[in-house]
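Coordinate analysis (summary)
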Amino acid sequence: MNCTEAYKEHIEYTFNAFCRVVIHYAAINAWRDRDKRRQREISFEYLTEEKFYPFSTSDKYFTDPYKQYPVMICGQRVIFTNGELAEALSALPEKKREIIYLYFFGRYTQQEIGELYGRCRSTAWHHIHSALQMLHKEMEVLFREES
């Protein structure tokens, strides 16, 4: 089976074109993977400056794991095992504590919370969201004071 010189040249050009296409799409996939990784990565500088995350932790082997922190919410005594969370919840205004209690502990829906306060569902969601933001800020303050 003799191949002509033109046929061999055609095969070589076809193979080269195929390799270029494969390399081109491999490069595109590599760029996409790198961009996806960049979107998920966070620099250490951001973590230390903005969020104040410590690079080390301290062991708490000898603390009482069953210590209880009671907080009164909606006339109910809620017991927490996390002292910082109990303290942050106690620092919130009464209405914000009630909303967090109803939504997370009472398993009320946004619609039901809105009806309790004479508001619509979206307003109830706004109050839940703002209560969580206030709780988050209180927790950050407590962690900064602890450090």
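Scroll up a little and you will see the structure.
Residues numbered from 1 in each chain as written. Predicted model: local features only at pLDDT ≥ 70, side-chain atom pairs only at ≥ 80, totals over all residues. Heavy atoms only, no water.

Side note on helix H3 (residues 83-91)
Taken together, the buried positions of H3 are occupied by Gly83, Ala86, Ala88 and Leu89. Where H3 is buried, its residues touch strand E1 (69-73), strand E2 (76-80), helix H4 (94-105) and helix H6 (121-146). With a side-chain oxygen lying 3.0 Å from the backbone nitrogen of Glu84, the N-terminal cap of H3 falls on Asn82. (Buried < 20%, exposed > 50% of the residue type's maximum accessible area, 1.4 Å probe, protein only. Helix = DSSP H or I, 4+ residues; strand = E, 2+ residues; numbered from the N terminus. Contact = heavy atoms within 4.5 Å. Polar contact = N/O pair within 3.5 Å; in protein donor to acceptor, adjacent residues only side chain to side chain.)

Brief notes about the environment of Glu98
By the secondary structure assignment, Glu98 is in helix H4. By relative accessible area, which is 22% here, Glu98 ends up partly exposed. Put simply, Glu98 and Cys74 are 24 residues apart on the chain and 5.8 Å apart in space, counted from C-alpha to C-alpha. In contact with Glu98, other than residues within four places in its own chain, are Ile73, Cys74 and Tyr117.

Regarding the nonpolar core
Residues Phe80, Leu89, Ile100 and Leu135 are the most contacted members of the largest nonpolar core, which totals 19 residues. When contributions to this core are tallied by element, the ones reaching two or more residues are E1, E2, H3, H4 and H6. Per-element tally for this core: the top contributor is H6, with six residues. If sequence neighbours within four positions are ignored, Ile100 has contacts with Leu89, Leu92, Phe105, Ala131, Leu132 and Leu135. (Core = buried A, V, L, I, M, F, W, Y, C linked by side-chain atoms within 4.5 Å.)

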